[in-house]
Protein chains: 4
Amino acid sequence: MSDNSYGKLFRVTTWGESHGPCIGCVVDGVPPRLELSEADLQVYLDQRKPGQNRFTTQRKEPDEVKIMSGVFEGLTTGTPISLIIENKDQRSKDYGDIKDKFRPGHADFTYMEKYGIRDYRGGGRSSARETAMRVAAGGVARKVLGDSIKITGALVQIGNKKINPDNWDDGEISNNPFWCPDAIMAAQWETYLVEVRKSGSSIGAVIEIRASGVPAGLGAPIYGKLDADLASAMMSINAVKGVEIGAGFGSAMLRGEENADQIRIKDGKPHFKSNHAGGILGGISSGQDVVVRFAVKPTSSILTPRDTIDAQGNETEISTKGRHDPCVGIRAVPIGEAMMACVLADHIMRHKAQCE
Amino acid sequence: MSDNSYGKLFRVTTWGESHGPCIGCVVDGVPPRLELSEADLQVYLDQRKPGQNRFTTQRKEPDEVKIMSGVFEGLTTGTPISLIIENKDQRSKDYGDIKDKFRPGHADFTYMEKYGIRDYRGGGRSSARETAMRVAAGGVARKVLGDSIKITGALVQIGNKKINPDNWDDGEISNNPFWCPDAIMAAQWETYLVEVRKSGSSIGAVIEIRASGVPAGLGAPIYGKLDADLASAMMSINAVKGVEIGAGFGSAMLRGEENADQIRIKDGKPHFKSNHAGGILGGISSGQDVVVRFAVKPTSSILTPRDTIDAQGNETEISTKGRHDPCVGIRAVPIGEAMMACVLADHIMRHKAQCE
Amino acid sequence: MSDNSYGKLFRVTTWGESHGPCIGCVVDGVPPRLELSEADLQVYLDQRKPGQNRFTTQRKEPDEVKIMSGVFEGLTTGTPISLIIENKDQRSKDYGDIKDKFRPGHADFTYMEKYGIRDYRGGGRSSARETAMRVAAGGVARKVLGDSIKITGALVQIGNKKINPDNWDDGEISNNPFWCPDAIMAAQWETYLVEVRKSGSSIGAVIEIRASGVPAGLGAPIYGKLDADLASAMMSINAVKGVEIGAGFGSAMLRGEENADQIRIKDGKPHFKSNHAGGILGGISSGQDVVVRFAVKPTSSILTPRDTIDAQGNETEISTKGRHDPCVGIRAVPIGEAMMACVLADHIMRHKAQCE
Amino acid sequence: MSDNSYGKLFRVTTWGESHGPCIGCVVDGVPPRLELSEADLQVYLDQRKPGQNRFTTQRKEPDEVKIMSGVFEGLTTGTPISLIIENKDQRSKDYGDIKDKFRPGHADFTYMEKYGIRDYRGGGRSSARETAMRVAAGGVARKVLGDSIKITGALVQIGNKKINPDNWDDGEISNNPFWCPDAIMAAQWETYLVEVRKSGSSIGAVIEIRASGVPAGLGAPIYGKLDADLASAMMSINAVKGVEIGAGFGSAMLRGEENADQIRIKDGKPHFKSNHAGGILGGISSGQDVVVRFAVKPTSSILTPRDTIDAQGNETEISTKGRHDPCVGIRAVPIGEAMMACVLADHIMRHKAQCE
């Protein structure tokens, strides 16, 4: 019942703090005889790593992952896979100011309330640095998924600026620093984020993760529903405040005739005329694309001074001068993809155990 | 790893189908020596039970819960509490039509894809009838919470008609058949839902569940976060398509200065100037109200014929003449409250184990 | 993390007390489309039920099991299977004497220490009555195992009277009231147990459970080892004080040359020349018979007065006049078989999930 | 549901192979603000480490443990504690001979059957090297137990040479290389083991682990019983073939009057006149010493050639020339102590969550 683990059969346990010597994870339950190398994982870590452009934190971390166990002569052995990344650019000096003050919007206050102690350096365990291990684990999960399942993440909203779904182009996503599938909106976001960054502020965002090629039958009612597990997985990412599947909150405004996806036969197979369900009915995948969106709040660390208190209970204020992302949602895209991969890998194994 | 269980220490396992002889649950891990009677649970079941007004299904179920174990001379003994409710009004004849057809928006298709068999009577296991046991379990959970934690659920949106937060009045919630905290909106919804029902249609809704008196410190990072567990709990309710905490999806449109809740000292204690966080920071409760909202899609069973296929792969159409709710979201209010109670009870015990 | 559940994928949760209205269990994770009827389970319950001969308790319980969910038109549906047995012959009056006294060798004292409350009627939750549900669940497990795996339980020792392994005859086991595979020893036990019963005493026993046809590869190192799970399963049975695999405690007296089972090829397949390992190496089944033995202590409820204390802390003595078994180990045979079946069913599913 | 994890609230996940770069574990759920240093753990690792005398393997491993996370300024923070030990003396060359042959009594054959691949170097994951991490985790567990619980392990039998319980002297245990509490037997074992070692053979053993100061109330019926969890924990140790509690298998030979521990009042508190129960009744600790014994088979790696097959299915033979222990049971003593510590720490937290 480790609180630092997720997944039931494809099981990931992460550990480590922002400013400790390293961070790591253990991926257990991986099927044997899958080809796996550090390079296979590095490609995803490189997508997430900080300091790649002016819109993400300038912390310099090569984020080189090392496989410490569970792989022999290039193949998984079925035993736990231990992955480790060294922390290189820790700059503890940046964080001296927050040793005694609780940063609004951060977990400083609640960690202290819960544990009566906190590693204040860079947020310690509550730092988004932990998400590097999710991305690494997601790389292992993709090996379980194989080539027939494709996961695509994109940023679909920054502030009140939403992409135009009609402009969606998968090929565009890697053409801009925002994972934006809409070239027109990408240009607008650039201008907008430069302004946000220069003003020392930050802004929220919405990410969409889409998995195609997911077979029907994944997800286990009533409390292992695929959508419930995705909701938990995405909500567990730092700064996420909402998760929706398919039509999501929009479904509250639909009539029954509009919402329920009608079914036809096409090429001899069941074919849905729409996908308001986001590929999940009764908690089980339908064979349609699985579609999840989640909202990320604006970075809480900003230049503008904010009211807070210190550990001694005195009123004070704080502003953050360290390295931070104007829109932390941008870096959440590869993390959301990784969580999708891990949840699907887990459910593929769970389905196989009971139903195949 | 039962897929029909939730909670880690306060652990609920539900069983039963819509048209079986009965439904039930086992609540394990309950602290000993709590006063518990069937009447304590019945009060919540009565709130959820169908057939109470013209806006909910006309199935007649007294939903009388029986305690079969775990209570001795009026007190819990620490052993598993088995709860059972008989199914009285099963009317299997109503469902003959759906034996071979997959109802759009329902789990008929996916259950068949997953299991290769399905109990088609009333949706079998996928029926919302299962939620009666969540409500019963929630009654047990409230005993664990005690009197200092208060849970209030309300319907805050039907279709595009949202309540005015300024009109919120807790006392109003039980004055109308919609759990609406806004008397003015309640009147509008009445007119609107009569129209929806008469047209044989249905409409979605949004529910808000608020827990006050929750102590700071509940929730266990990184994968036992309070918000992630709430997301999973709410998403697992039938027809739910989205979950948000505090400002939720709205936080995507906020700037850092607007979003992060500033802290002052008031009456000698930490006091937040706002609650965009919904009472949860870094996955741990802050002592503020815990605020969750979830979106419920419109009832998929409607009078209007919809395109579908049958089990043999033929195209056909279906319309539902059975007893159904025009807005299934209404009955989700006590269910959402129950899930909140169960999640909080679980986390109180988890926190006690590690940190007290 | 229900403490009243066992198994990971084939997951059984039991509930109920000796003198409540009924006892029951929920079996979750069962593969769909298996034929299952109440009669399939009743055959095993009839083997365990009390009052069948003068060597087991005279409590009269028909132990008729009812399937309340999870089976539709004679087939499992993949949803949780709820099983219930009514308690018919509760005779609470027999137990008035033990309301305030702690019976030596029973759990009366420790339940009170743990929970501060106990259902004293017949031992409440700690009664061996609970094992009826294990036997029922074992019947479901055997459906998962199929016909190729055969489980055989036998009593191999009562007091210091051990069977002669050379006399072992599977066919003899059901020919005597002791599940004894050695006809000669069965006759001796009869005389012996009559004496034990007449003297108001009781005696311990050793049971052996053997599973043949178990495929190689079951069990998941390091903490899901097949032997570790069997040890836990058997030790959880009432009155069990020891568990061993293969040569067991005898292996402490062996030299390396004697103990390690040498391997040859026979009929084109690996063939072990002995089975000191009890069919398990490194926690994984080898394809040989899986062999487990467990020791059952003598019934603690005896006629002879014993020193004890009461709930108020006064010294007193107690003797038991109720219905009890002179050798509780006899009835443990079908229970041990059931636990073996459940553990194997669970591991078959776990192995399939990861390795097939 | 990681198969490489144990414990429910005090949760340990181990990883690593005999000849990988390092081995490690993650200890999750540890209460915050406990003092913890590497030296606190090293003392236990030093007890287990190989090469300390002529009766244990000559592999040279300093076994220096490093704390990578979860401790800040000398105190636990409540976040996962990652522990790592480098493998220094791997000598892969020693094991070239076993690349293709299955060593009788080892897990070579079953790992290959299960996974279709195996890291043959030193046994890979199945090596007893993994137990170093149990010992490290046990050191953390002892911090949870505090000073009032004392755990004492001892070797009580080698081959058919059993200690005389009347000679038991705790102070003697660290005076000889066998953890023998009986000075007279220690001398005999020395002579005996020299003979065993010189003949290239090996011999089994029995270990006893005793915990005193354990409060009454630990253990959670029915499937989280303290004895069942201890049975699983001890059986999971490499080479263990049997586990017993208190009188154990001896209880099969006892009469009811002999076995059940009578209770008196002494110094105002309940006092048992004997401890056949091994401190556990109904799966719950009684306040008496918790007493567990387990049998360890003889080292399977011996000089004498043994019949076996190779990976290609050919009959062949094998003898082991590498570094091995004549009695692997000796080094199991600190491992058994560690498992006892971990199980107790887990149950203390579980009990607190539900019952305090």
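Residues numbered from 1 in each chain as written. Chains lettered and ligands numbered in written order. Predicted model: local features only at pLDDT ≥ 70, side-chain atom pairs only at ≥ 80, totals over all residues. Heavy atoms only, no water.

1. Structural notes on the environment of Glu356 of chain D
Working step 1: Topologically, Glu356 of chain D is positioned in the segment after helix 7 (332-355).
Working step 2: Glu356 of chain D sits in the exposed class, given a relative accessible area of 59%.
Working step 3: Among all residues touching Glu356 of chain D, those that are not within four sequence positions of it are Lys352 of chain B together with His351 of chain D. (Helix = DSSP H or I, 4+ residues; strand = E, 2+ residues; numbered from the N terminus. Buried < 20%, exposed > 50% of the residue type's maximum accessible area, 1.4 Å probe, protein only. Contact = heavy atoms within 4.5 Å.)

2. Quick notes on the packing of aromatic side chains
Working step 1: Applying the stated criterion across every chain, the model contains 26 aromatic pairs over all chains.
Working step 2: Seen in terms of ring centroids, Phe109 of chain A and Phe272 of chain B are 5.6 Å apart; in terms of plane orientation they differ by 80°. Their pairing is edge-to-face. Remark: Phe272 of chain B occurs in strand 13 (residues 269-272) and Phe109 of chain A occurs in helix 2 (residues 108-115); the pair is interchain, linking two chains. One exposure class covers both Phe109 of chain A and Phe272 of chain B, and it is buried.
Working step 3: Seen in terms of ring centroids, Phe178 of chain C and Trp189 of chain C are 6.1 Å apart; in terms of plane orientation they differ by 90°. Their pairing is edge-to-face. On the criterion of sequence distance, the pair formed by Phe178 of chain C in the loop between strand 9 (161-162) and helix 4 (183-198) and Trp189 of chain C in helix 4 is long-range, its members being eleven residues apart. (Phe/Tyr/Trp six-rings, centres within 6.5 Å; stacked < 30°, edge-to-face > 60°.)

3. Overview of the sheet that holds strand 3 (residues 22-28) of chain C
All names here are of chain C.
Working step 1: Here we have five strands laid out as an open sheet, ordered 1-2-3-7-4, and antiparallel in their pairing. Sheet topology places strand 1 (5-6) and strand 4 (65-67) at the edges, where each strand pairs with a single neighbour.
Working step 2: Judged from the six bridges that link them, strand 3 and strand 7 (residues 81-86) form a sheet pairing that is antiparallel. When the sheet's bridge partners are listed, Cys25 is paired in strand 7 with Leu83.
Working step 3: Packing of helix 1 (residues 38-48) onto the sheet brings it into contact with strand 4 and strand 7, and relative to strand 4 it is tilted by some 155°. (Pairing = 2+ DSSP bridges. Axes fitted to C-alpha atoms, helices over the stretch in contact; angles between N-to-C directions.)

4. A short note on the confidence of the model for chain A
Working step 1: Summary statistics for chain A give a mean pLDDT of 94 and a share of 95% for residues scoring 70 or more.
Working step 2: As a predicted assembly, this complex carries a pTM of 0.97 together with an ipTM value of 0.97. (pLDDT = per-residue confidence, 0-100.)

5. A look at the side chain of Asp227 of chain D
Working step 1: As for its position among the elements, Asp227 of chain D is in helix 5 (residues 226-235).
Working step 2: Buried charge without a salt bridge: Asp227 of chain D, with Lys241 of chain C as the nearest opposite-charge side chain at an N-O distance of 4.9 Å.
Working step 3: Apart from residues lying up to four places away in sequence, Asp227 of chain D is in contact with Met235 and Val240 of chain C together with Ile245, Ile280 and Gly283 of chain D. (Lys, Arg positive; Asp, Glu negative; His and termini not counted. Salt bridge = Lys/Arg side-chain N within 4 Å of Asp/Glu carboxyl O.)

6. A few points about the interface of chain A and chain B
Working step 1: Listed per partner, the contact involves 110 residues of chain A and 110 residues of chain B.
Working step 2: Between chain A and chain B the total buried area reaches about 8700 Å² when both faces are included, carbon and sulfur atoms providing 58% of it.
Working step 3: Summed over the three residues of chain A that lose the most area to chain B, namely Lys114, Tyr223 and Lys241 of chain A, the buried surface amounts to 10% of that side.
Working step 4: For the pair chain A and chain B, the number of links is ten salt bridges.
Working step 5: Lys273 of chain A is the salt-bridge partner of Asp307 of chain B, the closest N and O atoms lying 2.7 Å from each other.
Working step 6: Connecting chain A to chain B are 63 residue pairs in polar contact (both at pLDDT 80 or more).
Working step 7: Here the residues of the side of chain A that touches chain B sort into 49 nonpolar, 38 polar and 23 charged.
Working step 8: Alignment of strand 11 (residues 240-245) of chain A against strand 11 (residues 240-245) of chain B, held across three bridges, turns out to be antiparallel. Within strand 11 of chain B, the residue paired with Gly242 of chain A across the bridge is Glu244 of chain B. (Buried area = accessible area lost by both parts, 1.4 Å probe. Polar contact = N/O pair within 3.5 Å; in protein donor to acceptor, adjacent residues only side chain to side chain. Nonpolar A, V, L, I, M, F, W, Y, C, P; charged D, E, K, R; others polar.)

7. Concerning the packing of helix 5 of chain D against helix 7 of chain D
All names here are of chain D.
Working step 1: Where helix 5 meets helix 7, the closest approach of the two axes is 10 Å, and the angle between their N-to-C directions is 145°. When you trace helix 5 past helix 7, the crossing you get is right-handed. Two secondary-structure elements touch here, helix 5 through Leu226, Asp229, Leu230, Ala233 and Met234 and helix 7 through Gly336, Met339, Met340, Val343, Leu344, His347 and Arg350.
Working step 2: By residue class, the composition of the contact of helix 5 with helix 7 is eight nonpolar, two polar and two charged. (Left-handed = near helix turned anticlockwise from the far one by under 90°.)

8. Considering the relation of the copies chain A and chain B
Working step 1: If you rotate chain A by 180° and push it 0.0 Å along the axis, it lands on chain B with an RMSD of 0.0 Å. A rotation of that kind, with that shift, is consistent with a two-fold axis. (Least-squares fit on C-alpha atoms with pLDDT ≥ 70 in both.)

9. Some points on the environment of Ala231 of chain B
Working step 1: Following the sequence through the fold, Ala231 of chain B ends up in helix 5 (residues 226-235).
Working step 2: Setting aside residues up to four positions removed in sequence, Ala231 of chain B forms contacts with Ala231, Ser232 and Met235 of chain A together with Val243 of chain B.

10. What to know about the pairing of strand 3 of chain C
Residues and elements named next belong to chain C.
Working step 1: With seven of its seven residues buried, strand 3 lies for the most part within the structure.
Working step 2: Of the strand pairs in this sheet, strand 2 (residues 11-15) and strand 3 are connected by five bridges, and their pairing is antiparallel. By the bridge assignment for strand 3, Val12 is matched with Val27.
Working step 3: Here strand 2 folds back onto strand 3, and the loop between the two strands holds six residues, one of which, Gly16, carries a positive phi near 115°.

11. So, the sheet that holds strand 3 (residues 22-28) of chain D
Two strands in a sheet stick together by hydrogen bonds in their backbones, pointing the same way (parallel) or opposite ways (antiparallel).
Working step 1: A sheet is described by the order of its strands in space; here five strands give the open sequence 1-2-3-7-4 (chain D), paired in antiparallel fashion. Because the sheet does not close on itself, it has two edges, and the strands there are strand 1 (5-6) and strand 4 (65-67) of chain D.

12. Details of the pattern of salt bridges
Residue and element names in this part refer to chain D.
Working step 1: Overall, the coordinates contain 87 salt bridges over all chains when judged by the stated rule.
Working step 2: As a salt-bridge pair, Asp170 and Lys150 come within 3.6 Å of each other at their nearest N and O atoms. Residue Asp170 is located in the loop between strand 9 (161-162) and helix 4 (183-198), and its partner Lys150 is located in strand 8 (residues 150-158); the two are separated by 20 residues in the primary sequence.
Working step 3: Residue classification places Asp170 among the partly exposed positions, given a relative accessible area of 38%.

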